Amino acid sequence: MKDFPAIKNVYVQLTGLVLLCLVFCAGFAQANPRTKTSINSVWQFYKGDIAGFPSQAAKVDWEMVNLPHSWNALDVMDDKPGYYRGIGWYRKSISLSPQYRGKEVFLYFEGANQEVEVYVNGQKAGSHIGGYTRFSIPVTKLLKLADGQNTVNEIAIKVDNKFNEDIPTLTADFTFFGGIYRDVFLVATSPVHFDLEDNASNGIYLTTPAVSKDRASVNLKGRLVNSTSGTRRAQVVTTVWDKDKKQIAQQKTTYRLKPREKLTFGQDLKNIANPQLWSPDSPYLYTVTTQVYDAQNNQLLDEVTNPLGFRWFRFDAAQGFFLNGKPLKLIGASRHQDYQGMGNAVSDALQIKDVKLLKEMGGNFLRVAHYPHDPVILEMCDKLGLLTAVEVPIINTITESEAFATNSKNMHLEMIKQNFNHPSVIIWAYMNEILLRPKYADDKARQQIYFDRITALAQELEDLTRREDPSRYTMIPNHGAFELYKKQRLTDIPMLVGWNLYKGWYSGTLDDFGTYLDRHRKELPTKPLLITEYGADADPRVRSNTPVRFDKSMEYAVQFHQVYLREMMNRPFVAAGMIWNLADFNSEGREESMPHVNNKGITTLNRTPKDIYYYYQAHLLQRPFVKIGSRNWVNRGGLADAQNANTSTQTLQVFTNAEKVQLIVNGRKLGEKSAKEKVAEWQVPFTQGLNTVEALVTINGQEHRDFMEVPFDVQPRQFAAAAQPFEELNVLLGAKRLYIDPTNHQVWLPSQPYQPGSWGSVGGEPYKLQNTARLSYGSDKNIQGTEHDPVYQTQLMGLEQYKLDVPQGSYEVTLHFAELVGGTTKEALPYNLDNTVVQEQSEERIFDVYLNGKLVLENFNIAQEYGYARAAAHRIEVAVAGKEGIQLSFKSKKGQPVLNAVQVRKVY
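A quick note: this is a predicted structure, and the numbers were derived from the prediction, not measured.

A. Representation of the sheet that holds strand β47 (residues 801–804). Taking strand neighbours across the sheet as the criterion, the five strands line up as β44-β47-β54-β51-β52 in an open arrangement whose pairing is antiparallel. Two strands close off the open sheet at either side, each with one partner strand: β44 (759–762) and β52 (854–860). Pairwise comparison of adjacent strand axes, ignoring direction, gives a mean angle of 15 degrees for this sheet. Of the pairings in the sheet, the one linking β47 to strand β54 (residues 886–894) comprises four bridges and is antiparallel in character.

This is how it looks when you write it as structure tokens:
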């Protein structure tokens, strides 16, 4: 170009501009050098310890699994008491390419319960204590890497979920599933990167120190790591983007990093004008990207992204909760993470569904209980607009050891740092019901020392929380022992007081709930009040026309929630109500009507909504809503009406936010009813076979409908007047509830006293569990050998006869027995608040059973033949001639005869 100096000059200038752009614009085009890859597939698993690992690993039988995985998915539901709590090993070979050379590599675990050791190529890389928080293990120095070819590296993970007195949780009403039950990732970064070892956070912490509808600011703190042996100059660039990816604010800062230094840094982004505010109605999210560049060549070294929501909030002891300057009653639910048939090894898709279920209910709050959940939960709460409280699993009791205190504080710190940047989080909580089962009951002086150590640990956790995150509130959820918590200052130390209340369930009456709320307001006038748990078990298979406390019926649960919601909504000082629970969950030690399951969920274990869910939708949704209740009662039945053998009249509820509802059954209008507290109720005359039900409402001039089909089996009140030929009758003795058998599609009706021409018992009294005020009839024992515990949990004691005036023909009569009295004395579980030990006076019972005068069971001793609380059935064929019907007679030899249930089926 010597002949064209002007052109040469232009060329040089353009080349310089291109090079300048490549240097200074590189950040806009460069891909994030950090990689995060899941390694969930194709692991080998062995349940048990491997002595002499790794040399003995080849001598055990491994099975193939994928992560997430729990070894307790099935054994927690069997009849054998307890479940496997011990060691499990996982191993996997991973092939790493040469691109990992020069990188810092980590194994990143989202959760494994509860003690973990990580090995890479036979050498220990690290360990972690705690089953519910994330952890990051650096493995760079243990990897085999080569130039030009992939290399195979062996990863082995030892997981142990056995009881350890130094690790929370010690005891609780949920199951401690073992395994690597959340995702595992392989993360690779540049030598200069944001700190992955700062309690497994992403190394960046955002706060919004000033927010209004006109202006907002963002403060960022972070940790930057230089893992090289040389000094590095790095530029940190933080950018705030709106939903449309428009840049809102940016801050650039250059730092000098010493060799092997971990540098704490900060940035302020001020004067963000007219911010879109985050709220449940409008969960507007900004995005904050924080990048680090090599200041010498502008090469992008690392990048992390965090959500940002602008909001401000406060709790007021007299007026409740305020968000963005406006009052907001917080109504939502708590959640456990397990799912039917999976344990806690649940996919992201199902966990996302849980959050959507709560949002679709109309809820605005999720209590993440009793431990931090999978990261996707808070991600979805941010996106959908659910405010949250997150807590650590220090529950019921503590160990008075330095190790327990250290582990508790480490878990708490991990919880805060890992979830710091979620705008949905407004509360950090700890010590759920920590005085529920106090130690040293027989030594009051020693017990007071124990209580004081709980208080001291609470103060340490409180101080830690306020030091790490002064922008949020703190809370302790207490059970109902008001004086005890107040005396121990556990209502004084945290900023908020939560009460887990079950008045009208475990103890007391429903009327006691409102009284308790008013007591808090009177005695703790400066403390904001949240109801952190309330609920009643609702076994979806149990229904009742006469519901009572602890009968596990859906009908009583609806009554319970009606009272609780009304009392909370009528008191502005109650800031929040958190239903216990979003879904039924596994609690292996529970017995009751559905053993191993806590049925307080407003949805089932597989997330099918119950009537209670629809009740809350009617109260909370802003859009028009109408839903016919009992829609999951798919096999319905009942006794024929006295005046009409063709119908059986039962209560049917409709949940709606309309003022009035029209109900149409089988094409016939049953009239319009007002929806009192969002519930309208009819007495519906169901007919034999398929019934059609339609609910019609008008809201703002628009009609809205719900439709349901109800199969119904009308059982005869008088056999001679029955509307259809007799086929089958299933009866529970000593019960006031119905049982819906979902497996055999049968309806079990409560028994009745015998009347001529009908069916029922002669003599006898309903069995009632001794030494408890909870149950008005029946037992809550786990009945062995059956999945249909409600069939065997009630009985008549001392009955003389059971008579059915059936027409002539051939019949099968099945007698169901279980000995409910006696057996091993069982310590009551912590959630049963009215007694500590269930003690029963067993009695030997021996009796004969006659069927139409023929001896069919002689010297029958249930306990001797089958044991205690075990299901037994005797099927007997009988030919009925003329009008003799079926007559069962019980003759005592010793003790009182009993019968739990009876089935009669006509053969011919």
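B. Broad picture of helix α10 (residues 611–620). Across the ten residues that make up α10, a large majority, nine, are buried. Three or more residues of α10 are buried, namely Asp611, Ile612, Tyr613, Tyr614, Tyr615, Tyr616, Gln617, Ala618 and Leu620.

C. Quick look at the sheet that holds strand β40 (residues 702–715). Taken together, the five strands give an open sheet; going across it, the order is β34-β40-β39-β36-β37, and neighbouring strands pair in mixed fashion. Edge positions in the sheet fall to β34 (636–639) and β37 (668–674), since each of these pairs with one other strand and no more. Pairwise comparison of adjacent strand axes, ignoring direction, gives a mean angle of 30 degrees for this sheet. As defined by bridge partners, strand β39 (residues 689–699) adjoins β40 across eleven bridges and the pair is classed as antiparallel. Within the sheet, the bridge partner assigned to Thr698 lies in β40 and is Glu703.

D. Spatial organisation of the packing of aromatic side chains. Counted under the stated rule, the structure contains 45 aromatic pairs. An angle of 75 degrees between the planes, with centres 6.4 Å apart, marks the rings of Phe860 and Tyr866 as edge-to-face. Just above the ring of Phe185 sits the side chain of Lys36; from NZ or CZ to the centre is 4.6 Å. Positioned above the aromatic ring of Phe420 is the side chain of Arg472, whose terminal nitrogen or guanidinium carbon lies 5.6 Å from the ring centre.

E. Summary view of the pairing of strand β25 (residues 425–429). For β25, the buried fraction is high: five of the five residues fall into the buried class. Relative to β25, strand β24 (residues 387–391) runs parallel, the two sharing four bridges. Within β25, the residue paired with Thr388 across the bridge is Val425. Following the backbone out of β24, through helix α5 (residues 402–418) and into the adjacent parallel β25, one traces a crossover that is right-handed. Across three bridges, β25 lies against strand β26 (residues 473–478) in parallel orientation. Within β26, the residue paired with Trp428 across the bridge is Thr474.

F. The arrangement of the pairing of strand β42 (residues 738–741) in detail. Every second residue of β42 is oriented toward a common face, with Leu738 and Ile740 on one face and Tyr739 and Asp741 on the other, all of them buried. One ladder, built from two bridges, connects strand β29 (residues 542–543) with β42; its direction is antiparallel. Bridge pairing in β42 places Arg543 opposite Leu738. Direction of pairing for β42 relative to strand β43 (residues 746–750): antiparallel, over a ladder of three bridges. The residue of β43 that forms the bridge with Tyr739 is Trp748. Between the antiparallel neighbours β42 and β43 lie four residues, among them His745 with a positive phi of about 55 degrees.

What counts, and at which threshold
Residues numbered from 1 in each chain as written. Predicted model: local features only at pLDDT ≥ 70, side-chain atom pairs only at ≥ 80, totals over all residues. Heavy atoms only, no water. Pairing = 2+ DSSP bridges. Helix = DSSP H or I, 4+ residues; strand = E, 2+ residues; numbered from the N terminus. Axes fitted to C-alpha atoms, helices over the stretch in contact; angles between N-to-C directions. Buried < 20%, exposed > 50% of the residue type's maximum accessible area, 1.4 Å probe, protein only. Phe/Tyr/Trp six-rings, centres within 6.5 Å; stacked < 30°, edge-to-face > 60°. Lys NZ or Arg CZ within 6 Å of the ring centre and 35° of its normal. Right-handed = clockwise from strand over helix to strand, strands pointing away.

Interpretation in functional terms is not warranted from these geometric data alone.
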